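# Report on the structure
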Amino acid sequence: MDVEDGERPFDVASDSCGQLRVHLSTDEDSEGDGPGLETFNDDEPALPPDLAWLEDLYEEDDDDGDGDGDRNPSVAADNGGKRSYAATARMFKLRRNLDQLDCFHRQKEHDVLKAREELKLCRQNIECLVKQRDDLENEIKRQKAAENSVAVFRLRSQHKHLCQRLQSEEELEGHINTDLKQQELELSEVAVELGRFSSLQQEVQEEERVFRVLKAQKAATRIQQERKAGQNLQLKMQRLRDKQAAMLMKEVNERQKNIEVGQVSRKMAAKHLKETIKRMHQQEAEREQQNRELLEKRIQAVKSLKSNIAATQESLRVQQRKAKANAQKKEQQQRQLRESLQAQGINSFKHMYQQKQLEEIERKQEEFAERQKSKRVAIAAKILEEEQLVNRRKRHQAVLPKPSTTDSFPSLGRAREKLLHYLDPSPQSATEERATIQLREVSDSSSSSSASSDAEDLEETMYKEVGHQSLTESLAEPEFSGLWDQNSKLQKLQDEKAMSVQTEVKQEQPAISSGNLNVIVKKVHGKELRGPPFLSKPEIIIFKDFEVGKMYKKKIVLTNISYVTNHCKLLGVSTHLKDFISVNFEPPGSLSAGMSCEMQAVFQPMINEDLEGEVQFASAVGPFSVPVQCTIKNCDLEVDSQFVDFGLHVVGQTISRTVTLTNKGALATLFSLDTAACLSPESSHVQVPTQVSANTCQDLSSENTTSENQRSSASIGTGELQPQQESQELSEVLQQEQSVSEASATGPEAVLEACVSTDVDARIDHSDGGDLSLGNVREGHIGPFESIKLEVVFTPTIPGEAELDFHIKFSDISSEPIPIQVRAVAVSVPIWVVQPSIDLKICMFDHLYQDSIVVQSSRAKTALKLTFEVCPEMRKHMEILPKTGVIQPQSSFNAQLKFLPRCSLSKDAKKFFDSDTGVLEVPMTVQVAGQVKPVHFTVQAVVTSSDLQFDRTEVDFGYCSIYQTVISSVRLTNLSLLPQDFGFLRLPEFIEVQPNDGFGTLLPQETLEIDLIFCAHKAKEYSFQLSCKSGMNRDFHLTCRAVVVRPPLELSHSLVQFGATAVGDHSTTIIFLINRETNHNQSKQPINTETKDAMTLVAPRLFSFLPPKDSDISIAPSAGALLPGERCLVQVTFRPRLLDQEIKEEALRLFHRAKLLREKELERNTHTEKEEVPVVTSKGKKVPVVPNNSRVSDGPKTEQLTEPPNPVDIQPGSEQYEDARASLLYSFNQRYREYTVPCFVSDRIPPDDRQEQPAWSPFNTLDLQLQCPAVQPALVVISNNGLSTIDFHQVAVGEKVIKRLTVQNISKEPLDLRSSVLDVRSVFSLLNALRCIRPGDKHTLVLAFSPCLEEKYCETLEVRSQKMTLRMTLCGEGVVPAVTCSHPGGVLDFGYVLESESITQVFKLQNSSAVAVGFRVQLASLSPTRPRGGADMVAFLLGSNTDSQVQPTVGTQNYSGLSVFTVVPVEGSIAPGQSQDITVTFQPDHPSVNYSDRLTIELSNKSKVCMMDLKGAASSHNMYLYGGDLLKVPIESLLPPLIASDPQLAAESEVTERPTIPVLVTLRAKCNAGTITPAVRELQVGCIRSSQPSKKGGEFLWDNVASLQQQGFSVEPGKGTVEAGHKRTITVKWTPYSGYKPYDVVQTCVPVTLKGDETNVYRVTLIALVSTTAD
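Attention in this report is confined to the structure presented alongside it. (Residues numbered from 1 in each chain as written. Predicted model: local features only at pLDDT ≥ 70, side-chain atom pairs only at ≥ 80, totals over all residues. Heavy atoms only, no water.)

## Quick notes on the overall build of the protein chain
Scanning the protein chain for helices and strands turns up 29 helices and 80 strands. Sorting the 1671 residues of the protein chain into buried and exposed places 36% on the buried side. Put simply, of all contacts in the protein chain between residues at least 6 apart along the chain, 72% involve residues at least 24 apart. (Helix = DSSP H or I, 4+ residues; strand = E, 2+ residues; numbered from the N terminus. Buried < 20%, exposed > 50% of the residue type's maximum accessible area, 1.4 Å probe, protein only. Contact = heavy atoms within 4.5 Å.)

Laid out in structure tokens, this is it:
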């Protein structure tokens, strides 16, 4: 067995059959391998990802083993080594696989239980189905005995269905049983496997226990190491504190100096601050004055706006009335015209539609004329530009001799004259009209090209139409010599060389000119050669179905079929094909017989015409050519049959035949079916003016432009070679276009309308007559290689022959119409119903209606059997008697129709009955023997009910006292389509029905509101029924109930009338609620016998007032309890206010009013822009000048597009909301409202259980009537969004916040204001006094809030006047600021920095409170409370403890006097939930390791957030070494080091004697129980990262390392490099050497060299000893 097998204990898998396979490998399998264990240690397999942490764990153990030399050997032997690691991995794998096996076993158990449940459920279903089957069999036997065949058939069907279900359930049972057995087998196999591995599981549990013990031992070892590291860290901190204490004495003088500088700076800052505050006060006063002026201007603008709005509304109303009158007048005229046309027998709708079409055509003609006019102007401008260009050329080239332009271009001059004559609106002759049309085409085609091409096309076209001269006469001498004169000789030489090489070809030129290019008879080597010397494949170059504007390429292979070596040269293509076909051919040289060469023909058509020609070649044998054919797209249309014969059919049938129209061509076309009797030549095609217009019907805009471009390009392309021929063709085209100029005058839109109107007229005038008709497809588009089926329908209605001739017309001119002939014969039906539609009028449900059905026989010669069929849905409601009968020849047969509609009609006959309208339409059938088509007739009726319906089934009058009258309304609806009488009969004496005492008539679908008046004089419960009888003798009942009580409590006043109360103020009144009950005076309301004894005792009554929701009423107390004989004072308060909905509606009204004003302003600005002022220029021309304020209209145009806001989006506090609220207050009128407030009174509370919730009886309800008038307020708040609640929100404890509130007098009388007295101990205060304000004046109240505790405050301030009292609610909350620092405090170490360079560290202050908090950052070196004159350092230096390791708070400072540590920002404020970055910069100016300071962060309430000690060191070189013991006090003198008098001597002494830096390292080994633990110390070597790029990393080297090892010292590493910005740790370890005597001190000195920008030498003194008290 290999190692991999040993690593895998077992594998569990399932094959496709569900069998379980378990592969095992335990320790027994690997016992025989012997050396396999060593192989396992060397080449172990990789662990799975979930056990990868084991490898890391054992790597850490290995590291610990290397570091700790004195580890217990027994523990290392038990726990170390890779053998233990492999065993642990094997244990975890075993545990994972055993868990998987357990999970698999549980899954199998779950599957078995699930299968058993399914089997049990299936057997229950089978038992149920068997029981149902037995019941059905018994029922079948019972129905057979009763001879009920219908039920027997239904039950047999159910029995069959049940047997099928039973069979399927039994099959399912067998399948589930098989699955259950299989799963039980698998479960047993898994259980066997699980039992086999029980011993292995015990072994794994034992290994896990051992592993946990091992893990606990490792944890204990790590805890001991961490404790030792913590002790070392405490020692370092103690040393650091000693250094800080030592530096205090050196910083006294520097601190005093800094304090003096700070005081001077503060005095200067205070002076500038006073000036700034004074300037800010002045600016604030100026802004307040500007705000006052702006407010006055706005008030005046609002007043003027109000007057303008009124005028605008009046003008709008006048305009709306005028527009309405004009619309009514126009509608009346149209109605009169329609009536007159109908009186004359004219189709008014068609006439008015044509009239609208004519108006639309006239409008488009006018638009087209305007476009033509603009094009004329553009052409004239181009002609003027050309003339100016020619004049400039004449001036510049006057020296050059050239003939006159007029003589050289006579045709161009005449063209321009004609063009100017065309632009003249005077009448034109026929020739001029043709020129006009031609110019129009040229202008249209040239509009999409550049200006130069426009001029060339115009001159060339005019030249073709007017010149009629030859090319030689029209050519002009060039204005200046070109390159063709210089290169003519060179070209001649090249032509002579080419002609000399091809001498044989020149000899055959007469044959080419004679035209016999392909017929050559020549003898070669004695053989006669007939035909061309080269064979072309393909023989003819064919470009079929090309499109203009596209490019086509073809490859041609030429094969030498002569008997000699031959060559081939391309001569060219036919003359009329040169503009369209180009040939890419490279001469192949000499070709032997049978060899071939290739060429490519590129065809780019520019005209839509068929072209034929040839490609000409020359060879050594003779010339030959390859024919070329280019064909355009065309239509090839045909039908499968031109004669359709329907044959003989009975009247009433519908037969259809299909004619297939096929287009075998590549050109699409339009087709239409014309049923006209004769077809004229003019109408032989689809009626469109030209071929261009025909294409327009498909894609009008694009095809029109394309066709004209093709026509213009064709004329340009062929005009150079055949000017006369093109002129004739152009004149023919102009004549054709002149004949349809009226139809196409309005452009593509008019052409499309002409096509549509022509087709509509054709359908109207030539509508299909008789019984033969065409299908739905009468016109359309047939694409290339497409087929369309055309349907012909024969629906005979009258006996006789029918024929139809029609033609299929096409828009393609070359396609002839296809005639189609249709023939058919119709015969009459022998039997029919005399009245095909039987109308039963309006019928009611559950009533019988009858009618007679008459069947007539006319053509039948024998008696025929009739069968009347009623559809199955109507058999419950309709019946025909007799169902069958025999009708004699030439006679009639009567049948009786009975109709009894039932209420289930809507469910039974959903297809025939519309439940919404009540319309019933039933198709009936009469089957006639021997007649193919049955006779159909229809029974129609409107079925309605006779119901009267109340809108509710029960009327509850509620609880009323014996002194009240309750009115309840019900709605009675007549659901029938017929009128019905009704009346309420046998009414009780305490109920009254109105109107008309409960009698009346209801029209169809009418609803009448009926009032039921209830008035009872006895206290009890009433329950009764009202009976309403209809005219159909039907009774409809209405249940009523009421409870009449005698209330136990009484109100002193049931009606309260408030005085006029201003909006925002309140009025209060007092009423009393009295309990007049006594112990012996019980309420006479109905009570239960169970609670009768409890009610006899004295118990209070609970009451509760329920004011209307969203009302202005408040009641206090709203609830309480009253004992018998007591009374309670109730305070009712009326606070009128503006409803939210009213404010939103007012906001919408203001928006619409502002919108109308903007529209009016826009119209005014537009009118102003149109008034242009003409300015006379120097040349005497008037130029219109647009006013500069025309751009003002841009704003209203943009605002006009704004949509009105949604009322839901108008939120309280928004600008729109507050404007609307102020508008309502200023325009508020008197408002009067009445409220009814119910007072609910409870039953008695049982005295034995006062905690029980009492029952609230509706018998005891009282009603309180309130009359509440509201008036306009005299004093309103115009600031704070109009709210009277001033919320100071959250304010930090100790701070003071001031807010202002402005009120205005909107009444017509002056108001004398006075305020209520605030609490003396309150945190709120009113800072200014109140005064008398005149109408329209304002007054500002200044309020302050200064919290002293962390809690919420609220108080009410009343501003009183003689008309109203304005109450203001003051609220606020005191909050204690909560600020945290990201730095935990303690030491903030900056490390080493080069002198004169800086390093920065940032920490954050997080404000987690809900208010803004101010902060201040203080440095101890700049603190004014620091001892003066260095007293603290003197005390430190003269302290009793000379070995103190505490460092002074403020250490070494810079020589420059500036603080070595700087903080930004020094103070500021932190917003709620925000943070502030504090940046601390360390910038020393001389080398030292004793830089320190203390930083304190203090809040505005004098609480301290954080305190940290700043520490840093500076070096003059980039390499440094630190660590070891303290050798001197951490206090330095502020005096700089002495400078030598002679620089040269100083430099020499520095070179010769560079001092070394001493470092002391003491190592104490620990001795415990005879075991010595080696002493370890660490030194740090670092390299400072500098801003200078030249300074990079450094090196370090320990000298005499060998001598150190002899004394037991080891240094690791002894040398190395340090990158800039990094540091390396040097571990110094001392292990007592052999022969070491206890209590001896080992001392040695070793130099350490650091090489950076300079080389420094540190003298490290190592002192080692053994101590029993060492940490």
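## Let's talk about a negative patch on the surface
Negative charge collects at one region of the surface, where E359, E362, E366 and E370 lie side by side. With respect to the helices and strands, the residue E370 is situated in helix α9 (residues 348-396). (Patch = residues over 30% accessible without salt bridge, like charges linked within 9 Å, V, L, I, M, F, W, Y side chains within 5 Å. Areas by Shrake-Rupley, 256 points an atom, 1.4 Å probe, with all protein chains shown as cover. Salt bridge = Lys/Arg side-chain N within 4 Å of Asp/Glu carboxyl O. Lys, Arg positive; Asp, Glu negative; His and termini not counted. Charge placed at Lys NZ, Arg CZ, Asp CG, Glu CD.)

## Examining the pairing of strand β30 (residues 935-944)
Of the pairings in the sheet, the one linking strand β23 (residues 837-844) to β30 comprises 6 bridges and is parallel in character. Among the inter-strand pairings, M844 is bridged to a residue of β30, identified as T944. As defined by bridge partners, strand β29 (residues 919-928) adjoins β30 across 8 bridges and the pair is classed as antiparallel. Among the inter-strand pairings, V926 is bridged to a residue of β30, identified as V935. Linkage of β29 to β30, two consecutive antiparallel strands, is achieved through a turn of 6 residues, within which G930 is found at a positive phi near 85 degrees. (Pairing = 2+ DSSP bridges.)

## Focus: the sheet that holds β29
The strands making up a sheet associate through hydrogen bonds between their backbones, and the pairing can be parallel or antiparallel. If you walk across this open sheet you meet the 5 strands as β23-β30-β29-β25-β27, and the pairing is mixed. Each edge of the open sheet carries a strand with a single partner, namely β23 and β27 (884-887). Across this sheet, the average inter-strand angle for adjacent strands is 25 degrees, counted without regard to direction. One ladder, built from 4 bridges, connects strand β25 (residues 864-869) with β29; its direction is antiparallel. (Axes fitted to C-alpha atoms, helices over the stretch in contact; angles between N-to-C directions.)

## Structural notes on the packing of aromatic side chains
Per the stated rule, a full pass over the model turns up 29 aromatic pairs. Centroid distance F617 to F624: 5.1 Å. Interplanar angle 10 degrees. Geometry classified as stacked. Between F1288 and F1345, the ring centres sit 5.4 Å apart and the planes meet at 40 degrees, which makes this aromatic pair tilted. In this pair, F1288 is assigned in strand β53 (residues 1285-1292) and F1345 in strand β59 (residues 1338-1345), connecting sequence segments 57 residues apart. A relative accessible area of 4% means that F1288 is categorised as buried. The buried category is assigned to F1345, whose relative accessible area is 0%. Taking NZ or CZ as reference, K554 lies 5.8 Å from the ring centre of F543, over its face. Over the ring of F1072 we find R1127; its NZ or CZ atom is 4.1 Å from the centre of that ring. (Phe/Tyr/Trp six-rings, centres within 6.5 Å; stacked < 30°, edge-to-face > 60°. Lys NZ or Arg CZ within 6 Å of the ring centre and 35° of its normal.)

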